[in-house]
Amino acid sequence: MATLERSTMAAASVTEDILDNGLRVLIQEMHTAPLASVWCWYRVGSKDEPTGRTGVSHWVEHMNFKGTTNIPRDKVKGIIEQFGGYWNGYTWIDQTTYTETATRDALDRMLFIESERMANCLYDPADCESERTVIISELQGGENDPDTLLDQELTAIAFKAHPYRHPTIGWLSDLQTMTREDLYAHYRRFYVPNNATLVIVGDVDTTEVMRGVVRHFGRIASGDVGRRPQTREPEQAGERRVTLSREGTTAYLKLGYHAPAVGDSDFFPMLVLDAVLTGAKGVNLWASFRTPPPQRSARLYRALVDTGLASSVSGGLVPTAEPFLYTMSCTATSGTPLAKLEEAALAELDLVRRQGITALERDKAVHQLHARLVFENDSVTNIAHQLGYFETVASWQLVSTLRERIESVTLDQVGAAAAARLAALNRSVGWFEPLPAGAGVDARTGRGAGREPVSS
Amino acid sequence: MTSATERGLAPVRVLLDNDAVVIAKQSQTTPAVTIHAACAAGTVFDPPELPGVAHFVSRTIDRGTLTRPAGAIAEELDGRGVSLTVTVNRHALSLVCTCLVEDLQAILALVADIVMHPAFPPDEVDTRRGEIVTLIRQDEDNPAVMASEGLLADLYGSTHGYGRRPRGTVTSVGAIDRAALERFHVERFAPASLSLVMVGDVEPDAAIAAAAAAWSLWRAPRPSVPRLDAVSSSPVRRLRVIPMMNKAQVDIAYGFTSIRRADPAYYAYWLMNNILGQYSLGGRLGDSIRERQGMAYYVFSALDANVIPGPLTIRAGVSPAHVEPAIASIDEELARLAADGPTDAEMAESTQYLVGSMPRNLETNTGIASFLQTVEFFGLGLDYDLRVPALLRGVSRDEVHEAARRTLVPSGATVVVAGPYAGHPA
């Protein structure tokens with residue numbers, strides 16, 4: 001149970017330990033509020049799911065809130081709440097994670113819950129069945145939103161080989177047919193300490209925290225997670241398109257370009273480019289969406305929103321372990337044809353491909369990104385999230401170098417990234433065309449008077 | 001020596017010579033400051049014949065001032081990495097942003113200019129009108145919005161300030177011109193209707209001095225306060241179905257009118273709501289409908305005790321097949337809480353949770369600023385954060401039971417169902 005490795009990064013004040021069983025532990029003391037935040041991260045997400053079991057990671061996440069050997073199901077509630085705490089979890093393409101934030105005196109209970117979640121979840125068959133309908137309800141709730149539907153379809157056509165093409169929530173038929181055994185096997189395979197990172201940030205004492213971590217996690221055995229899919233997405237050879245025609249009131253346009261992974265050399269140039277095009281979002285998946293980006297002087301906002309073609313535009317570039325997508329999403333104003341909106345968007349992107357950005361734009365984008373880095377580190381929850389997130393997709397040490405990496409981006413790098421990444425043959429285009437009431441397909445059956453729900 | 005928790009927030013509040021309220025609180029978590037300026041210019045002040053004016057003002061107030069064109073404002077904000085959010089609720093129109101400490105004076109001056117001297121340029125008004133119409137059309141395609149807004153319309157009436165659609169209608173928005181926006185601004189925006197909160201890494205005295213420099217010359221007459229009638233709960237059960245057959249999931253909105261924020265029973269209602277539909281994953285409702293029956297991804301209740309008795313709303317998203325059993329389960333849980341009251345364990349758990357969550361809710365600058373605006377709006381006092389624990393612990397089980405008995409009456413519930421459902425549950 002002694003630690004194998006210990007390194008302290010003075011600059012970031014983060015202490016890193018790795019237990020004998022492979023559990024990586026990151027601790028950052030922060031004494032601005034009497035709070036502590038714990039995040040436990042697993043390197044498993046929808047990219048690790050085979051056909052037929054899409055959505056299994058997310059379903060497993062749900063099951064891991066339903067009692068353990070030492071926490072009866074009806075006692076799960078209240079453990080954190082008695083400290084005024086908050087708990088949650090999420091699953092995405094590269095990761096599954098669980099969090100609690102509460103007053104510092106809850107720390108031991110938070111570590112206990114996470115250790116139980118790693119080793120002792122129950123997977124009662126009745127609970128698995130009951131959760132099936134909850135997750136299908138979650139899926140259907142998402143499908144109520146045309147923009148979410150379009151995002152799912154665009155991602156599916158942008159990737160033809162890589163498992164990033166599957167929605168994290170899974171395909172409906174997989175959710176209807178997966179078994180308790182499928183869920184439990186996935187849990188046992190991936191929920192091992194050597195596939196996890198435990199992050200603790202807050203009003204805590206590092207030495208004391210490590211003692212608690214060793215006490216709760218030290219006896220959990222490591223395991224072999226086995227071989228993961230090695231599929232690499234083949235280079236895209238031409239533009240792809242999808243049109244959803246369904247009853248609705250509003251038209252949506254979505255453009256997706258294959259993007260760099262966080263470790264690729266043009267990730268930060270693309271981040272600056274995105275800030276120039278749609279405003280800086282920052283790089284905190286947990287916090288960034290809560291505050292809209294400063295975007296009123298951004299190129300696509302001026303070209304599409306200020307001209308009245310769109311009521312909103314947003315860009316999406318997220319740090320991922322493997323190359324994912326850079327997306328631009330627009331809501332057409334009532335009466336604006338999608339073709340006209342697309343033409344205006346592509347004209348702007350073509351311009352930046354040919355001419356790059358100006359020095360003033362680069363400086364403004366860098367300043368915006370710096371400000372976002374400050375704003376998104378305003379709580380122990382957000383800081384802990386970033387350490388675990390980056391460790392799961394690359395390395396936690398990237399967090400302390402973000403500012404420097406952004407600052408070192410040059411005009412030439414942005415220009416080269418724009419020229420390479422925003423090429424037509426690297427592009428997928430999605431349209432949501434609203435049909436008038438009564439002309440659409442039934443969302444539940446896919447049948448009706450309209451065209452097929454998805455065409456490409 | 002007292003700890004930070006014992007001292008509480010202890011913000012500094014001053015009244016400027018022109019009657020504007022300025023509140024400052026220092027917090028050193030990040031080198032940033034959150035500015036939250038709220039004016040008593042919410043949707044309840046919309047002219048009855050022109051619903052949507054307050055919202056339209058919120059979409060155009062920062063699109064040009066008498067001395068700054070829209071493009072200059074955009075550059076000034078974007079160049080500092082600042083995103084200015086303008087929102088409107090029933091009673092207040094708020095401008096909220098976070099800036100780096102070194103930008104505080106400049107951003108305060110900009111926000112003051114926007115609030116005091118908006119120009120509502122005609123081309124901006126036209127462009128934003130198109131955006132608002134699109135937003136309204138999106139709302140009309142959203143079962144969650146249709147159910148929620150439908151419930152409020154049925155509870156309060158579609159012309160009441162709490163019942164009408166906050167964005168107005170496509171027709172009313174088409175009729176709102178620049179003159180209507182200017183008139184609303186003249187009538188509702190004044191120092192006496194402003195409360196400005198600043199929270200961040202700046203000495204309160206320095207923050208207040210910066211605010212005074214930006215705002216103290218503003219002069220405008222104190223706005224009148226129009227009458228807002230309270231609405232009683234319905235004596236009979238009402239159900240309305242809004243069929244949206246192109247959707248996959250049904251949204252249920254189920255509710256009552258409740259109490260005023262100033263009602264002494266507020267803390268009993270707060271606890272009752274937490275037990276019913278908040279604690280852990282949705283309180284008793286979540287335990288029944290999500291955890292035990294697996295019928296919904298989300299189900300919760302929300303209490304909006306306000307200037308007049310606001311709504312107590314229960315929301316759930318379910319498949320079409322689960323509409324009737326979900327409504328029956330809501331009925332059952334409400335009737336049970338009204339009949340038996342909460343258990344002692346529930347009282348202890350919810351009280352402990354709400355008291356214990358205060359440090360977490362007051363961790364960030366934006367969280368503190370929002371809390372201080374609520375304190376100012378309802379006149380709760382600058383030491384309110386210190387008094388909340390005793391106020392909650394002073395509530396008895398009988399008081400919560402009485403709150404449930406008074407309000408949670410399924411036979412008087414108003415229910416709106418929106419989505420792929422055309423049936424008629426009992």
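Everything below is about the structure printed above this text.
We now turn to the structure provided with this report.

How each quantity is defined
Within each chain, residue numbers correspond to sequence positions counted from 1 in written order. Labels are handed out in written order, letters beginning with A for the chains and numbers beginning with 1 for the ligands. In view of the model being predicted, local features appear only for residues whose pLDDT reaches at least 70, and side-chain atom pairs are presented and counted only at 80 or more, with totals across whole chains, interfaces and linings using the full set of residues. By definition, any uninterrupted DSSP run of H or I lasting at least four residues is a helix, any uninterrupted run of E lasting at least two residues is a strand, and each is numbered from the N terminus. By this rule the span expected of a helix is its residue count minus one, scaled by 1.5 Å. We define the bend at any residue as the angle between the axes fitted to the seven residues before and including it, ending there, and the seven starting there. Burial is judged by counting other C-beta atoms within 10 Å of a residue's own C-beta: 20 or more means buried, 12 or fewer means exposed, and anything between counts as partly exposed, with every C-beta placed from the backbone. What counts as a contact is two residues whose backbone-derived C-beta atoms lie within 7 Å of each other. Side-chain classes are defined by residue name, with Ala, Val, Leu, Ile, Met, Phe, Trp, Tyr, Cys and Pro counting as nonpolar, Asp, Glu, Lys and Arg as charged, and the others, Gly among them, as polar. A fitted line through C-alpha atoms serves as each axis, taken over the contacting stretch for helices, and the angle formed by two N-to-C directions is quoted from 0 to 180°. Here a crossing is taken to be left-handed if its near helix is turned anticlockwise relative to the far helix by less than a right angle, and right-handed if that turn runs clockwise. Paired strands are those between which DSSP finds at least two bridges.

1. Some points on helix H11 (residues 279-292) of chain B
Working step 1: Here H11 of chain B contains 14 residues, and its C-alpha end-to-end distance of 16 Å is more than 12% below the 20 Å for a straight helix at 1.5 Å per residue.
Working step 2: Remark: the principal bend of H11 of chain B, roughly 105°, maps to glycine 286 of chain B.
Working step 3: For H11 of chain B, the buried fraction is high: 11 of the 14 residues fall into the buried class.
Working step 4: For H11 of chain B, the full list of buried residues reads Tyr279, Ser280, Gly282, Gly283, Arg284, Leu285, Gly286, Ser288, Ile289, Arg290 and Glu291 of chain B.
Working step 5: Those residues of H11 of chain B that are buried are in contact with helix H3 (125-143) of chain A together with helix H10 (266-277), strand S9 (296-303), strand S10 (311-318), helix H12 (323-340) and helix H13 (344-356) of chain B.
Working step 6: Looking at the residues trailing H11 of chain B, positive phi occurs at glycine 294 of chain B, about 60°.

2. Quick look at the interface of chain B and chain A
Working step 1: Contacts between the two partners involve 57 residues from chain B, matched on the other side by 57 residues from chain A.
Working step 2: Contributions of two or more residues to the side of chain B that touches chain A are made by helix H3 (70-79), strand S5 (93-100), helix H5 (122-140), H11, S9, S10, H13 and helix H14 (358-361) of chain B.
Working step 3: Broken down by element, the side of chain B that touches chain A gets its largest block of residues, nine residues, from H5 of chain B.
Working step 4: Looking at side-chain class alone, the side of chain B that touches chain A contains 21 nonpolar, 24 polar and 12 charged residues.

3. A word on the packing of helix H4 (residues 104-116) of chain B against helix H9 (residues 204-215) of chain B
Residue and element names in this part refer to chain B.
Working step 1: Relative orientation of the contacting elements H4 and H9 amounts to 35°, with a least axis distance of 9 Å. The crossing of H4 and H9 is right-handed. Contacts between H4 and H9 pair Leu104, Gln105, Leu108, Ala109 and Ala112 from the former with Ala210, Ala211, Ala214 and Trp215 from the latter.

4. Thoughts on the sheet that holds strand S3 (residues 32-39) of chain B
Residues and elements named next belong to chain B.
Working step 1: With respect to topology, six strands assemble into an open sheet ordered S1-S2-S6-S3-S5-S4, the strand pairing being mixed. Here the strands that pair on one side only, and so sit at the sheet edges, are strand S1 (12-15) and strand S4 (85-88). Adjacent strand axes in the sheet meet at a mean angle of 15°, parallel and antiparallel pairs treated alike.
Working step 2: Where strand S2 (residues 21-26) meets strand S6 (residues 194-200), six bridges bridge the pair, whose relative direction is parallel. Within S6, the residue paired with glutamine 26 across the bridge is glycine 200.
Working step 3: On the sheet, H9 packs against S1, S2 and S6 and is oriented at approximately 150° with respect to S2.

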